[in-house]
Amino acid sequence: MIEKIQALKEQIEALSASNAEELEALRIKYLSKKGEITALFNDFRNVPNEQKREIGQKLNELKTLATDKINAIREAFNANAVADVDIDLTRTSAPQEIGTRHPISLVRKEIIDIFSRLGFTIAEGPEVEDDWHVFSSLNFADDHPARDMQDTFFIQRNPADVLLRTHTSSVQSRIMEHTQPPIRIICPGRVYRNEAISARAHCFFHQVEALYVDKNVTFADLKQVLLYFAQEMFGPETKIRLRPSYFPFTEPSAEMDISCDLCGGKGCAFCKGTGWVEILGCGMVDPNVLEACGIDSKVYSGFALGMGIERITNLKYRVKDLRMFSENDVRFLEEFKSAH
Ligand code: DAH
C-alpha cells in the first residue's frame, strides 16, 4: 500500500494537462468514485490495525495533493482564458456619466449662498408641525382660510392639530421662541398645500424664508437686502419694486416684483405686458408675532421674507410645468448639467 501511495504521489506531482478535457480525464482517473485514490481508500479497511494510523495519514495527504494540483491547473486555465479574450487595452474607457444636481437644489444653494454673504445662517424645522407654529404664533385669525382642510393637509385634528406645514414661516416662531435677538436666519424647506396638481400648482413645493430681528431694524434694511438679493440672483441690471400686500405675520407687508429680464422691462408675454414679475412676499415682523414668541416688541423690530424656490427656478430657467420638478425624468435633469 505504501509503495502504491508513493507511486501515485510521484505521478500526481508530475501531472499536466493542456486543456479542460484532459484535466477532467485526470480528475476522473484519480478522484472520481472509481478513481485510483478512491480505490485506495476502499482498500483501507484491509490494512492491519497497527498500520492504519500511518497509512491513513499518507492517504489523506495524497488526496489533498491531487485535489490541490487539479485545482491549480484549472485556475491556470481560467486565468489564461481571460487573457485570451480579445481586449484592446489601449482603448479609452467608456465615459462615466456623472449625475447632476436637481434644479431646485441648485437654486436653493444659490439663494443660501447670497444670504450667507449677508451673515444669515441656516435654520431648519419639522415638516410635520402643530397649529401653534404654523398659524397661531404667526397671528393667523381663528377663521383664516388656511386653517381649513381644503387648503391644509391635517394629520390629526383633535385634541391638538397636527399638520403638514404650509409655509416655512413656521421656522421663524420655532427659532424666536428660544432665541433672543439678534436673529438672522434663513430657512429653506419643503412645504405642503392641499391643491389639485397641475402645471401651475402642486401639493408640495419648496420655500426659503429669511428673518432678521434686532434693535432698530427698519423697512430700509429690508429694501436693501431685497435689492442685493435680486441683483445677485438675476443680474446687476435687475430693478425691484414693492407693492403693498397683506400677510398676517407682517405689518406693513409687501410683495416684491423684479424687472422682467426676458424683455428688459418693456413688456412681453412672460410678464403679461407689465415689465415686472412677482417673486416674493415680505414685510416688517408684526409685533404680535414677536410677543407671541417671547421677544419684546418695544425693544426689537425685524423683517421677514419668503419665496418659493420653484418660482425663482422658473424665472431663471423657464421651466413651464411645475410637475417636471418631481417627475424624476433624467432628460429634464440632464438639462441642468451646465448650471453646476
Ligand atoms: N409665508 C408666505 C407664503 O407662504 C410667504 C411670506 C410672505 C413669508 C411674507 C414671509 C413674509 O416671511 O414676510 O406665502
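The shown structure was predicted, so the numbers you read here are calculated from the model rather than taken from an experiment. (Residues numbered from 1 in each chain as written. Predicted model: local features only at pLDDT ≥ 70, side-chain atom pairs only at ≥ 80, totals over all residues. Heavy atoms only, no water.)

1. Some words on the site of the ligand
Lining the immediate surroundings of the ligand are 15 residues, of which H167, S169, R193, Q207 and E209 lie closest. Note that an oxygen atom of the ligand is positioned 2.8 Å from one of the side-chain N or O atoms of R193. The side chain of E209 places a nitrogen or oxygen atom 2.5 Å from an oxygen atom of the ligand. Starting from 350 Å² of accessible surface for the ligand in isolation, the protein chains cover 89%. Those elements giving two or more residues to the shell around the ligand turn out to be α7 (169–176), β6 (204–214), β9 (276–285) and β10 (301–308). Partitioning the shell around the ligand into residue classes produces five nonpolar, eight polar and two charged. (Near = heavy atom within 4 Å. Polar contact = N/O pair within 3.5 Å; in protein donor to acceptor, adjacent residues only side chain to side chain. Areas by Shrake-Rupley, 256 points an atom, 1.4 Å probe, with all protein chains shown as cover. Helix = DSSP H or I, 4+ residues; strand = E, 2+ residues; numbered from the N terminus. Nonpolar A, V, L, I, M, F, W, Y, C, P; charged D, E, K, R; others polar.)

2. A short note on the pattern of salt bridges
Taken as a whole, this structure holds 16 salt bridges when the rule is applied. Linking E232 and R117 is a salt bridge whose minimum nitrogen-to-oxygen distance equals 2.5 Å. A residue pair is termed long-range when its members are at least 10 positions apart, and E232 in helix α8 (residues 219–234) and R117 in helix α5 (residues 103–117) qualify at 115 residues. Among the residues examined, E232 registers a relative accessible area of 37% and is labelled partly exposed. Between E129 and R174 there is a salt bridge, with the nearest N and O atoms lying 2.7 Å from each other. (Salt bridge = Lys/Arg side-chain N within 4 Å of Asp/Glu carboxyl O. Buried < 20%, exposed > 50% of the residue type's maximum accessible area, 1.4 Å probe, protein only.)

3. Details of the domain arrangement of the protein
As assigned here, the protein comprises domain 1 (2–84) and domain 2 (103–339). Distance from the C-alpha centre of domain 1 to the C-alpha centre of domain 2: 79 Å. (Domains from an automatic or database assignment.)

4. Brief notes about α5
The end-to-end C-alpha distance of α5 is 21 Å, a good match for the 21 Å that 15 residues give at a rise of 1.5 Å each. Every buried residue of α5 is listed here: P103, I104, L106, V107, I111, I112, I114 and F115. Just past α5, the residue G119 takes up positive phi, approximately 95°. (Expected span 1.5 Å × (residues − 1).)

5. What to know about the packing of aromatic side chains
Tallying each qualifying case throughout the model produces 11 aromatic pairs. Note on F120 and Y212: the rings are 6.4 Å apart at their centroids and 65° apart in plane angle, and the pair reads as edge-to-face. Residue F120 is located in the loop between α5 and β1 (121–122), and its partner Y212 is located in strand β6; the two are separated by 92 residues in the primary sequence. Take Y212: its relative accessible area is 19%, and that puts it in the buried class. (Phe/Tyr/Trp six-rings, centres within 6.5 Å; stacked < 30°, edge-to-face > 60°.)

6. So, helix α10 (residues 309–317)
Of all the positions in α10, only I309, E310, I312, T313, N314 and L315 are classed as buried. Considering only its buried residues, α10 is in contact with α5, β6, α8, β8 (250–259), β9 and β10. Count one or two residues on from α10 and you reach R318, which has phi positive near 55°. (Contact = heavy atoms within 4.5 Å.)

7. As for the sheet that holds β1
Pairing in this open sheet of seven strands is mixed, and the strands run β1-β5-β6-β10-β9-β8-β7 from one edge to the other. With one partner strand each, in any of the chains shown, β1 and β7 (240–247) form the two edges of the open sheet. Bridge count for β7 against β8 is seven bridges, and the pairing is antiparallel. For R243, the partnering residue across the bridge sits in β8 and is E255. (Pairing = 2+ DSSP bridges.)

8. Some words on the side chain of Q207
Looking at the element boundaries, Q207 is found in strand β6. By relative accessible area, Q207 is classed as buried at 11%. A polar atom in the side chain of Q207 sits 2.9 Å from the backbone nitrogen of T168. In this view, Q207 contacts T166, H167, T168, C187, P188, G189, V191, R193, M307, G308 and I309; residues no more than four positions away in its chain are not counted.

9. Things to note about the nonpolar core
Grouped together as the largest cluster of nonpolar side chains are 42 residues, with contacts concentrated most on I111, F115 and L305. Those elements that provide at least two residues to this core are α5, β6, α8, β8, β9, β10, α10 and α11 (330–334). When residues in this core are grouped by element, the largest group, seven residues, is from α8. Among all residues touching F115, those that are not within four sequence positions of it are F120, I186, A210, V225, F229, L305 and M307. Core analysis: the next-biggest nonpolar cluster, separate from the first, contains 24 residues, A123, F135, F140 and F154 among them. (Core = buried A, V, L, I, M, F, W, Y, C linked by side-chain atoms within 4.5 Å.)

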